[in-house]
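Okay, here's what each chain looks like letter by letter:
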2 protein chains.
Amino acid sequence: MDEKKENKLITSRDKDFAKWYTDIVRVARLADYSSVKGCIVIEPNGYAIWEKMQAILDKEFKKLGHVNCQMPLLIPENLLKKETDLVEGFAPEVAWVTKGGEKNLEENLCIRPTSETLFCDYYKTHIKSHRDLPKLYNQWCNVLRWEKETRPFLRSREFLWQEGHTIHKTEEEAKQETDKMMEVYHWFHNEVLAIPSIRGRKTEKEKFAGAEYTLTNEALMYNGVALQSGTSHYFGQKFSKAYDVKFTNKDNKDEYAYQTSWGTTTRMIGALIMVHSDDYGLVLPPRIAPKQVAIIPIGNGEEVDNKTKEIEDALIKAEISTYIDNSDKSPGFKFADTEVNGIPLRIEVGKRDLQDKKITIARRDTREKIVVESNCDIASVVEKLLEIMQNDMYNKALKRRDELTFTAHNLDEVEKILSTQPGFIKAMWCGKLSCEEKMKEIRGCKSRCIIEEEHIDGKCVVCGEKAKELVIWGLQY
Amino acid sequence: MDEKKENKLITSRDKDFAKWYTDIVRVARLADYSSVKGCIVIEPNGYAIWEKMQAILDKEFKKLGHVNCQMPLLIPENLLKKETDLVEGFAPEVAWVTKGGEKNLEENLCIRPTSETLFCDYYKTHIKSHRDLPKLYNQWCNVLRWEKETRPFLRSREFLWQEGHTIHKTEEEAKQETDKMMEVYHWFHNEVLAIPSIRGRKTEKEKFAGAEYTLTNEALMYNGVALQSGTSHYFGQKFSKAYDVKFTNKDNKDEYAYQTSWGTTTRMIGALIMVHSDDYGLVLPPRIAPKQVAIIPIGNGEEVDNKTKEIEDALIKAEISTYIDNSDKSPGFKFADTEVNGIPLRIEVGKRDLQDKKITIARRDTREKIVVESNCDIASVVEKLLEIMQNDMYNKALKRRDELTFTAHNLDEVEKILSTQPGFIKAMWCGKLSCEEKMKEIRGCKSRCIIEEEHIDGKCVVCGEKAKELVIWGLQY
């Protein structure tokens, strides 16, 4: 399979974005459909990205004092029902276990769609005094939501995520935690995934069921459709009251504790694809790529072998994830393989090139080829290139996002934008639910988030009355 | 809470082993019961042990070429039923999802008790030629088995594990894989968990449903009861035939592929407790302890602060997991806390001791106190102590196991052993199922494994007829 052939397996991104997306998932072997409708198999290439995401995020969480734990997969029906908003939000989309072994269960158990109820149930018996607070717990696990329409990584019935659940003795501390974790997600998207993203607050309509408020990180995909990318919820005492989680405060009085929760999911793999990849396959920012460099020998012989080995050693010593492709396939096949799989840099070591004291490095993002001296300090050359690539990818994505960020002052302008090229739409809003609902009638345009720090002149984009807040609107996955 | 008080929370191990076990789980805050019968909450202290187990095992798996992936949580009923032995083995103990959202499902889905079926279903569509083989896949996940009697870590309805599922083009390669992974488990138990264990083959009766043979790693707990600690299964072509997993071999002919699977679970946390812990709390071998050293300041002042910080820096630099307990609790409370939580070494830094140029190190396993010069090379002193402790713990456990390993030549001897002090019982066996079943009638004594390399004189311990193999028998968790 040579480069040209491989490309034929991928639909053009500009021609059919949805088909292009599933083509990338398939040819880069990130995930496959399973025999269970709506559930996917995350294949090794996809799972390696998730493992790297986990490693980086987990390290940040722990730096901030969080610890991991594991709650049960199943939630008893009566426990789920204690928090009214939550049950209304999730009940239509949970899977129910009604039979264990050969017997019908006395009480149905739902597979967790999220674990607030279980954490509350645990905290209730383990928190007695203000000295037991805060508890900064997180878990990495699978959750299930019985979605109707599904798409690999973006929306599937089962997905993997982390859910942090913290509990505090003051409102202030809990609010700080909510902010802090949003900061981590924002940093992770911008600095690691090279996905420029916007932070803000969800409207009342769009916030998490049961939260006092929800902070969200919003990213824009190449096609102008928005993707929610990490949320952090402040619960105040809502859950504590529903689940009776009290502590004795410093004045020796009983008080309901203050809670937060925050999460990110395997959806981020979908975002990586939709922001960076191209018609040749997956493109991964160096900081998240499980394998950063592929070394491809061209031709045989001791010289080529020694050089590839020497480069591999130097790069591994510099903690750059590297492999040599010594399979019996043709160089052309190997090149295409690195392209499809999004290996950031490919180092081509050819017999003739070595005679000319040269080696070639190919960048995956620009597909540019760079010729360097064969006896250069390869580790520092590669380190620099990876840094440049990381920054270039971020800037390219930022440019695209800026090009697809529009301002609208009335519904006609919104309609015009969405009918030509969707994107983020900045528009003022009066705060009324009816206006938000009216906006949604235009091709499903939803509020992404309220940006508190920014304002533009004008009245509510829908009703024309006095506007309270600047909202980013858009179509969503 | 001082040392004496804390100990009162733990039942004596020799008085009531079962109660002692649950006391350790509770006071070391490893796990707690949940609102879902038979499912536990793995608390941060317990989960940190699991994370360290995962890190060490995962590194070994990857060194051997394995990659991680993630199969769905749910298995359609008809898929599960394709392999007859497997469904007979597991059907009585699975949980069934019969309702998704508000609708009854057309086909019931079971929560995976193990994932052979899902891997086969995947391999079936992804393996075409011998060039696609081998596939060395593993997953870390949760599984569910609807057990009646449960106990934290040892037997719970939901547990965490890793399940490797590999597929090969030859019988030989698959058998080598089966051996190799048993070797990893054996190494892990002996070298990392300091649990001396025995490798062998399960009898036909005790092997995994659907396997051609099962290799097992068996450990003996302090009370003489055996615990299966890692199994590795050779499937031959059984699953490949049931699920139609074929490949084109080098002669261009269709052939069924050869498979293996192998797994270890959070049960290993239970084994760690039951082999090493004592009446003062958890005892962890240094190589698996998430926190290896606790530094306890005694008294205040700059000198103490500087010294504790200096020690912490030196140990962290040497990659020894260390923390200073600067909480406002008393030194006595802090000492008890390190004991209960099984921190291998505790370094006590006191104002007066520093004036005498001394610091004290307490070993958790022997509770011995060692006084060293305050200006010694603390990192190398600690490194050596941790190594000695690791070896001593292994040897102590080995001594206990050897003391509790008996030989029996007839059923009277078996009965006599089990009625005084259970343990591993070595006895010859003719190979007949009826004899194995008769053995079980004696207080539930089961075959643990067949040791192929070893023989003792004598006939079958049950029927007295010609014996084929040496079997290790015992009571089990």
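Refer to the structure printed above.
Residues numbered from 1 in each chain as written. Chains lettered and ligands numbered in written order. Predicted model: local features only at pLDDT ≥ 70, side-chain atom pairs only at ≥ 80, totals over all residues. Heavy atoms only, no water.

Engineer: Would you mind going over the interface of chain B and chain A with me for this structure?
Structural biologist: With 53 residues of chain B at the interface, the matching set in chain A holds 54 residues. For the interface between chain B and chain A, the tally reads 4 salt bridges. B:Asp328 is the salt-bridge partner of A:Arg131, the closest N and O atoms lying 3.0 Å from each other. Where chain B packs against chain A, one counts 24 residue pairs in polar contact (both at pLDDT 80 or more). (Contact = heavy atoms within 4.5 Å. Salt bridge = Lys/Arg side-chain N within 4 Å of Asp/Glu carboxyl O. Polar contact = N/O pair within 3.5 Å; in protein donor to acceptor, adjacent residues only side chain to side chain.)

Engineer: Whenever I open this one, the packing of helix H3 (residues 44–63) of chain B against helix H7 (residues 171–192) of chain B confuses me. Can you help?
Structural biologist: Two measures define how a pair of helices packs: the angle their axes make with one another and the distance between the axes. Residues and elements named next belong to chain B. At a closest axis distance of 11 Å, the pairing of H3 and H7 adopts a crossing angle of 140 degrees. Put simply, H3 runs oblique to H7. Of the two possible hands of crossing, H3 and H7 adopt the one that is right-handed. From H3, Met-53, Ile-56, Leu-57, Glu-60 and Phe-61 reach across to H7, where they touch Met-181, Val-184, Tyr-185, Trp-187, Phe-188 and Val-192. Across the contact of H3 with H7, the residue classes break down as 10 nonpolar, no polar and 1 charged. (Axes fitted to C-alpha atoms, helices over the stretch in contact; angles between N-to-C directions. Helix = DSSP H or I, 4+ residues; strand = E, 2+ residues; numbered from the N terminus. Parallel < 35°, antiparallel > 145°, perpendicular 65-115°, else oblique. Left-handed = near helix turned anticlockwise from the far one by under 90°. Nonpolar A, V, L, I, M, F, W, Y, C, P; charged D, E, K, R; others polar.)

Engineer: Could you clarify how one ought to interpret the pairing of strand E19 (residues 369–373) of chain A in this entry?
Structural biologist: Along a regular strand, successive side chains alternate from one face of the sheet to the other. All names here are of chain A. Two strands pair when backbone bridges link them, and strand E18 (residues 358–363) and E19 are joined in this way by 5 bridges, in the antiparallel orientation. Residue Thr-360 lies in a different strand from E19, and its bridge partner there is Val-371. Linkage of E18 to E19, two consecutive antiparallel strands, is achieved through a turn of 5 residues, within which Arg-367 is found at a positive phi near 60 degrees. (Pairing = 2+ DSSP bridges.)

Engineer: Looking at this structure, I do not really get H3(B). What am I missing?
Structural biologist: The periodicity of an α-helix, 3.6 residues per turn, causes residues three or four positions apart to be oriented the same way. Across its 20 residues, H3(B) extends 28 Å between first and last C-alpha, which sits within 8% of the 28 Å expected from 1.5 Å per residue. Every buried residue belonging to H3(B) is among B:Pro44, B:Gly46, B:Tyr47, B:Ile49, B:Trp50, B:Met53, B:Gln54, B:Leu57, B:Asp58, B:Glu60 and B:Phe61, and all of these are buried. (Expected span 1.5 Å × (residues − 1). Buried < 20%, exposed > 50% of the residue type's maximum accessible area, 1.4 Å probe, protein only.)

Engineer: What is the right way to read empty space enclosed by the protein from this model?
Structural biologist: The gaps left among the atoms become clear once a water-sized probe is rolled over them. Here the structure, examined in full by the defined rule, presents 4 cavities of 30 Å³ or more. Looking at the largest cavity, its volume works out to about 80 Å³. Surrounding the largest cavity, A:Gln70, A:Met71, A:Pro72, B:Ile40, B:Ile42, B:Phe153, B:Ser156, B:Glu158, B:Phe159, B:Leu160 and B:Thr266 form its lining. Mapped by element, the contributors of at least two residues to the lining of the largest cavity are strand E2 (40–42) and strand E8 (158–168) of chain B. Here the lining of the largest cavity gets 3 residues from one element, more than from any other, and that element is E8(B). (1 Å grid on protein atoms, 1.4 Å probe; cavity = no way out; pocket = protein on both sides within 12 Å on 5 of 7 lines; lining within 4 Å. Points joined across faces, edges and corners; volume = space filled by probe spheres on them.)

Engineer: Looking at this structure, I do not really get the pattern of salt bridges. What am I missing?
Structural biologist: Opposite charge on two side chains allows them to pair when their charged atoms are near. Using the criterion set out here, one finds 73 salt bridges over all chains in the structure. Between A:Asp392 and A:Arg363 there is a salt bridge, with its nearest N and O atoms 2.9 Å apart. You can see A:Asp392 sitting in helix H13 (residues 378–403) and its partner A:Arg363 sitting in strand E18, a full 29 residues away along the chain. Looking at A:Asp392, the relative accessible area reads 33%, which means it is partly exposed. A salt bridge links B:Asp337 to B:Arg29, with the nearest nitrogen and oxygen atoms 3.9 Å apart. Pair noted here: B:Asp337 is in helix H11 (residues 331–340) and B:Arg29 is in the loop between helix H2 (17–27) and strand E1 (31–33), with a separation of 308 residues, a long-range link. Given a relative accessible area of 41%, B:Arg29 falls into the partly exposed group. Each of B:Glu339, B:Arg346, B:Glu348, B:Arg367 and B:Lys369 takes part in one network of salt bridges that share partners.

Engineer: Got a minute to help me understand the pairing of strand E15 (residues 293–298) of chain A in this structure?
Structural biologist: Residue and element names in this part refer to chain A. The buried fraction of E15 amounts to 5 of the 6 residues, a majority that puts the element mostly inside the structure. Pairing analysis gives 3 bridges linking E15 to strand E16 (residues 322–324), with the strands arranged parallel. If you follow Ile-295 over to E16, its bridge partner there is Ile-324. Read as a crossover between parallel neighbours, the route from E15 over helix H10 (residues 302–317) to E16 is right-handed. When E15 meets strand E17 (residues 345–350), the two strands line up parallel, connected through 6 bridges. Note on E17: the bridge partner recorded for Ile-298 is Gly-350. (Right-handed = clockwise from strand over helix to strand, strands pointing away.)

Engineer: Whenever I open this one, helix H10 (residues 302–317) of chain B confuses me. Can you help?
Structural biologist: Residue and element names in this part refer to chain B. A rise of 1.5 Å per residue sets the reference length of H10, with its 16 residues, at 22 Å; its end C-alpha atoms lie 22 Å apart and thus fit the reference within 8%. Within the span of H10, buried status applies to Val-304, Lys-307, Thr-308, Ile-311, Glu-312 and Leu-315. All buried residues of H10 project into a common sector of 135 degrees when viewed along the axis, lining one side. When the buried face of H10 is taken as reference, the exposed residues oriented beyond 90 degrees from it are Glu-302 and Lys-317. Contacts from the buried residues of H10 go to strand E15 (293–298), strand E16 (322–324), strand E17 (345–350), helix H12 (351–355), strand E18 (358–363) and helix H13 (378–403). Directly beyond the C-terminal end of H10, a positive phi value near 60 degrees is found at Glu-319. (Arc of directions from axis to C-beta.)

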